[in-house]
Each structure stands twice: as C-alpha cells, then as structure tokens.
Amino acid sequence: MLVKTSSDGIKDLLSRYGDSLLADTRPGFGGYFIKTEQLVPFCRSLRDEAGYDYLSSVTGVDNFPEDQMEVVYHFYKTIGGPAFVLKVQASRHETVIPSLTPLYPGVEFQECEAWDLLGIRFEGHPDLRRILMWEGFEGFPLRKDWREPFFEDENKPFKSRWPDGHVLRTEEENPYKNNVQYPAAFDPDQWIPAGDAALYEGLLSLTKEGQSDFKTDHIVVNLGPQHPSTHGVFRMVVALEGETVLSLKPVMGYLHRNHEKIGERNTFVQNMPFTDRLDYISSMSNNFGYALAVEKLMDVHPPERAEYIRVIMAELTRFLSHIFSIGFLLNDLGAFFTPALYAIEERELILDIFEAASGSRMMCNYFRFGGVVRDLPDGVLGKIKDLVIDRLPRKLDEFERYLTKNDIVRVRCEGVGVLKIEEAIGLSAAGPVLRASGVPYDVRKADPYSIYDRFDFDVAYGLHGDIYDRYLVRVEEMRQSLRILKQALRDIPGGAVMNGKPQYQVRVPAGEAYGRVEGPKGELGFYVISNGKPNPWRYHVRAPSFINLTSLSTMAKNQKIADVVALLGSIDIVLGEVDR
C-alpha cells in the first residue's frame, strides 16, 4: 500500500522497539538486529507507520562456524530513499523464522529459496518447498559445511590448477563416474516423486475462490518445461475451468546451477564474467550492479570518463533488452518471428558496439572495480552517436506505427493480466512490471547511483497495470534511454577509465554491501559479505526475473489460458536469472 509518513516515523518506531532492536556494530556492517518474536509486529509498523512499503530483497547468511543463521531484509519506500536494513538470527540446528508473506507477499519465492539452499524454515509460509533443487536433494548447498561429491577445495583458484598446474577431473578418480549423493536410506529405484503432489495440492487449494456457480470439472494442465512459449526451461501449472484459469503456479529450477555457491568459491574478480551469465541479454547491467557492491566495500570510485562509459553501456543495454522483449511479446501473441527479427536487427547493431568495446557480443565482462577494463576504441563513439541520434529513434517510431495502435495488439493486451498498484508493491514487482501498475519507482531516480543524478530524464509509468501498459512503459523507457545517451555523449570527458592499475586479485575489506541498479527487468541487486579474504563469504543476487514471477499467479487468475503465454511475455523473464 502507499502510505503517507512523517519524517519522524522511523525514529518513533526505533524508539518504541528499542528493547528488541540492536544496531549491527560489526566493522563494515550496518542495519539493525531484531528479536525473532518481534519480527512480524515490527515489520507491520515499519510498513504502515514508517512507510517502508516495499520489501525488495531477502538474503540468508550462514555464519558458520558459529551456531547461527541470519536473514537480511532490505526495505525501501516507493516514494524513494535509501534502504532500511533489518536482520534476524537463529540457531543453525533449528532455524525457524516467522514468514513475512502475510505482510509482503512478494517474498514468497525468496523465502522458498532461503529454505531450499540454506535450510531456513519460515513459519507461516503458505507453500514452503524446494523450488530450485529437486526434493530428493541431500542437504542445503549454500551452508558452509555442505560438501558436494568429489569436493576438492573451498575456494578458487584450486591448488591443482594453480600454482601446481596439475589439472585433473576429480570424477575420473571414481570408476563409476557417479557424482550423485542421496539422503540416508534413499533408494532412487523405489522413489515416488512427492514434489508434484505437493504442487498440485497447493494449486487446487487456490481454485476454491475462483469457482463459478456451475458444477464443472477442473483440469490441471502443464505448460512446459519443454515448450516454445515458456522462454526457456520453465513450467507453468494451471488449474482450469473450461478455458478460464482458476490458479497458476510457476515451476522453476530446471536450469539451476547454484550460481551463488560458485560465486562464493570464485575470487571477487572471477565473479565479474560470471555475472554475465545471469540475464544473458543484459550482461553490461549485471556487471554494473556487482561492481557497485564491491566498490562500496573497497571504497573506490571510478574516474569520470569510466562513469560516463558505464552509463552509456547500461542505457544501450536497456534499449536492446526492451526492443528484444517487445519483439518476443509479439511472438507470444502469434506474430510468428517477424517483429522479433526486426528487433533482433537493432539489437545486433548495439552488440557491435559491445564487441568493439569489450571483445565479446553477449558475455562482455567489461566492468572492473574502479572503472572499465579498457577505453572505447577510435570511432566507436561516432558509431554510438549515429545509432542514438538517427537510427534507433527512427526504428522505434517505425515499431510504434506498426504496433501501438494495432487493433489485434490492443484487443489481446488491454485489460488483460491487470496488476493493481497495491498488488504490485506488495508482490515486490520491479521494473516495467511495477511501473506499469502506476508506481513511478525507478532506482535511478529513487536512490541514484553512479552519475544518474546528472541526467535529465522522466520515469515512464502506466495507469492500468495490464499487458498493454507494460508494452507502453518499455517503449517510453527506450525513448528516455536515448535521451540519457544524448546527454552522456555530449558531456563525456577524456581521461583515464580505471582507478589504479588492473588487478588480477583485489583486497576487499571485511564488511557488507548491497549494490543495486535499475536493470532492464527491474532492480538487480548484489548483496556481498567480505571477511577480508580473496573470495566473498556471501554472494547473493536479487534477481528481478525471479521475483517478478511472484506476480504471475495474480495476473493470470480468471484470465483465459491463451492469455497466459502473453502474460509471461509481458513480465520478460530470462531463465539464467530466474534459476541462477
């Protein structure tokens, strides 16, 4: 909900809960600890009285070898401003924390993720189950004492690779090439999957509200995971009455590779190219968010020219992501591949710029802590100007002439999949999905980072929260990106693009940091904890595609089955970011 608050609201709240709150005084850390039994009432007051109506990120942390698990919450106000960081701790052996889904339903998948990977049980969660690992998986892989089969070393670089240089695939030492471990007394030959039964049971329990007066059969239909409309290996389970959707459950995890576990074994620098693999359409934005988080810990600032290059790359990324998204939304509506091919043509021209700057078209690995890896080659700024001033505005106008007033597009999109303003905020929606519902919340304006406070641009938002408004918001955001790009190209200075010398290893002081950017799909955040060693102790990704899927069930209710495909396209997910 949108709440009017006084500037003293948070002070009054902190004073009232003083006995239950404790400031985090660890060097390099911030925020407040709260007692477990006071978590829910405090968060209710934080939302209703202090105006922190948007719970963006939930992060589980294992404080091993201490007998302690921790959950870190990042709250924001949709009217803008910095985060309020709240933390709660519990025993590693019996980690039970109250669920915040009754207050902030958008944490549903985030709490499931913390249970799935860390074993943190959220009491009162409506559907707590594994969503990324399969239900027969042994243990909780993000715990620091968890070991996979053929465990070699805790951190990279592995000694067998460097400095010794004796490369050996550890599974070669096992004659059966078997790298699977099962829970005690588990027999895979006798196993009957219980996960789908729990999924269907939860799905059918949601259908009662949507039942009509007629006695009709309900049928459960699976779309995916191998299906051309699901944008990757993703599955939607729907309960239908005729062609009307009574309830829907997203099913993910088919592409899960435990990105965060690998990230905690990588060095800080090794993680930069690894972020490219999240939203593989938007690698420059992924680099940006991670760089900001580590730079906060290191207290380094890029040179002026590097800041402008970063913004140029981020806004080109936003344009190519949105035009790609619109092309494939039309694909989902039935305009088979023609609009998508027109969109891909413009994307390829932007990827030419990325390749010239970074050496790669998609996995760019271009940002570094303190700047970018190299300056733009001669002639590249001229090519960017040609695109920004001539080609891209002209092609965007052409897209709009074909699509914006197209009768078929409007009939299929207007009034379909409406997400109301209170629902969008409560469900932690981000990016165009949130703004299309009437919430003009953009991290570039609400909590500016880098040099975005220097640019004149408007936040695009809708009024109806339907598929059509999500399309219109993306179109307007492309125009605003071109506006920012013109200013950046006009003002970019000369000089260095890196603060200091390039480093293969960096010294990161102990502490925590949360770096977030307004990526094309919404808020992309990286929560990083350093213990002063070369590898992150905790590396967590607030993935907008993953969290935006929480809204899909609400959007789909009482819609037609044919509209579900278009709804998924309007959210604009990338499975590399959903599953990680």
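To be clear, the structure that these remarks concern was listed above.
Residues numbered from 1 in each chain as written. Predicted model: local features only at pLDDT ≥ 70, side-chain atom pairs only at ≥ 80, totals over all residues. Heavy atoms only, no water.

Peer 1: Mind showing me how you'd approach the overall build of the protein chain here?
Peer 2: Counting secondary structure elements, the protein chain contains 19 helices and 15 strands. Taken over the C-alpha trace, the protein chain has a radius of gyration of 24 Å; the compact-globule value for 580 residues is 25 Å, and the two agree within 12%. The principal-axis extent of the C-alpha atoms belonging to the protein chain is close to 70 × 65 × 65 Å. When each of the 580 residues of the protein chain is scored for burial, the buried share is 58%. Partitioning the contacts of the protein chain with sequence separation of at least 6, the portion at a separation of at least 24 is 70%. Carbon together with sulfur atoms contributes 53% to the accessible area of the protein chain, which is approximately 24,300 Å² in total. (Helix = DSSP H or I, 4+ residues; strand = E, 2+ residues; numbered from the N terminus. Rg over C-alpha atoms; globule rule 2.2 N^0.38 Å. Buried < 20%, exposed > 50% of the residue type's maximum accessible area, 1.4 Å probe, protein only. Contact = heavy atoms within 4.5 Å. Areas by Shrake-Rupley, 256 points an atom, 1.4 Å probe, with all protein chains shown as cover.)

Peer 1: For this particular structure, what's the right way to read the packing of helix α8 (residues 304-333) against helix α15 (residues 467-491)?
Peer 2: How two helices pack is summed up by the angle between their axes together with the distance between the axes. Running from N to C, α8 and α15 point in directions that differ by 155 degrees, and their axes come no closer than 9 Å. Compared by their axis directions, α8 and α15 come out roughly antiparallel. Two packed elements cross with a definite hand, and for α8 against α15 that hand is left-handed. Across the contact of α8 with α15, the residue classes break down as 17 nonpolar, 3 polar and 5 charged. (Axes fitted to C-alpha atoms, helices over the stretch in contact; angles between N-to-C directions. Parallel < 35°, antiparallel > 145°, perpendicular 65-115°, else oblique. Left-handed = near helix turned anticlockwise from the far one by under 90°. Nonpolar A, V, L, I, M, F, W, Y, C, P; charged D, E, K, R; others polar.)

Peer 1: What should I look at first to understand the nonpolar core in this one?
Peer 2: Across soluble globular proteins, nonpolar side chains show a tendency to be buried alongside one another. Formed by 163 residues in total, the largest nonpolar core has its most connected members in Tyr73, Phe75, Leu86 and Tyr366. The element contributing the most residues to this core is α8, with 16 residues. In this structure, Tyr366 is in contact with Met284, Asn287, Ile309, Met313, Ala357, Ser358, Val372, Val373, Arg374, Asp375 and Leu376, ignoring residues within four places of it in sequence. (Core = buried A, V, L, I, M, F, W, Y, C linked by side-chain atoms within 4.5 Å.)

Peer 1: Looking at this structure, I do not really get helix α18 (residues 561-571). What am I missing?
Peer 2: Because an α-helix packs 3.6 residues into every turn, residues spaced three or four apart end up facing the same way. Summarising burial for α18: 9 of the 11 residues are buried, a large majority. Those residues of α18 that fall on the buried side of the exposure criterion are Asp563, Val564, Val565, Ala566, Leu567, Leu568, Gly569, Ser570 and Ile571. Positioned one or two residues after α18, Asp572 has a phi angle of 65 degrees, which is positive.

Peer 1: Is there a simple way to think about the sheet that holds strand β10 (residues 244-251) in this case?
Peer 2: Reading across the sheet, the 3 strands line up as β8-β9-β10 and stay open at both edges, with antiparallel pairing between neighbours. Across the chains shown, the open sheet's two edge strands, defined by having one partner strand only, are β8 (219-223) and β10. Adjacent strand axes in the sheet meet at a mean angle of 20 degrees, parallel and antiparallel pairs treated alike. The pairing of strand β9 (residues 235-241) with β10 spans 7 bridges and is classified as antiparallel. Bridging across to β10, Ala239 finds its partner in Ser247. The sheet strands contacting α18 are β8, β9 and β10, and the helix crosses β9 at an angle near 150 degrees. (Pairing = 2+ DSSP bridges.)

Peer 1: Please clarify how α8 should be interpreted in this entry.
Peer 2: Between its terminal C-alpha atoms α8 stretches 44 Å, which fits the 44 Å expected from 30 residues at 1.5 Å a residue. Burial within α8 is extensive, with 28 of its 30 residues counted as buried. Looking one or two residues beyond α8, the residue adopting positive phi is Gly334, at roughly 115 degrees. (Expected span 1.5 Å × (residues − 1).)

Peer 1: What am I meant to see in the sheet that holds strand β5 (residues 84-90) here?
Peer 2: In any sheet, the strands associate via hydrogen bonds between backbone groups, in a parallel or an antiparallel arrangement. With mixed pairing, 5 strands are arranged side by side in an open sheet as β1-β2-β5-β4-β3. On the outer flanks of this sheet lie β1 (21-23) and β3 (54-62), each paired with one strand and no other. Neighbour-to-neighbour, the strand axes of this sheet turn through a mean angle of 25 degrees, independent of strand direction. Strand direction decides the pairing type here: strand β4 (residues 69-76) and β5, joined by 7 bridges, are antiparallel. Directly across from His74, in β5, lies its bridge partner Val85. Across the sheet, helix α2 (residues 39-48) touches β1, β2 (32-34), β4 and β5, and the angle it forms with β5 is around 170 degrees. Contacts from helix α3 (residues 108-118) reach β3 and β4 within the one sheet, and its direction differs from that of β3 by about 5 degrees.

Peer 1: So what exactly am I meant to see when it comes to the side chain of Arg305 here?
Peer 2: With respect to the helices and strands, the residue Arg305 is situated in helix α8. Taking the relative accessible area as the measure of exposure, Arg305 reaches 11% and is therefore buried. Setting aside its immediate chain neighbours within four residues, Arg305 contacts Asp375, Leu381, Ile492, Pro493, Gly494, Gly495, Ala496 and Val497.

Peer 1: Sorry if this is basic, but what is going on with the environment of Ile323 here?
Peer 2: Turning to its location among the elements, Ile323 is positioned in helix α8. Not counting residues up to four positions away in its chain, the partners in contact with Ile323 are Ala343, Glu346, Phe399 and Met478.

Peer 1: For this particular structure, what's the right way to read the environment of Arg391?
Peer 2: The residue Arg391 is located in helix α10 (residues 380-403) in this model. Here the side chain of Arg391 touches Glu346 through a polar contact of 2.8 Å, side chain to side chain. (Polar contact = N/O pair within 3.5 Å; in protein donor to acceptor, adjacent residues only side chain to side chain.)

Peer 1: Just checking my understanding: could you explain the pairing of β4 for this structure?
Peer 2: Two faces, one strand: in a regular strand the side chains alternate between the faces of the sheet. Of all 8 residues in β4, 8 are buried, a share of seventy percent or more. Here β4 shows a buried face lined by Met69, Val71, Tyr73 and Phe75 and a second buried face lined by Glu70, Val72, His74 and Tyr76. Sheet analysis places β3 next to β4, joined by 8 bridges and oriented antiparallel. Residue pairing in the sheet places Thr59 in a bridge with Val72 of β4.

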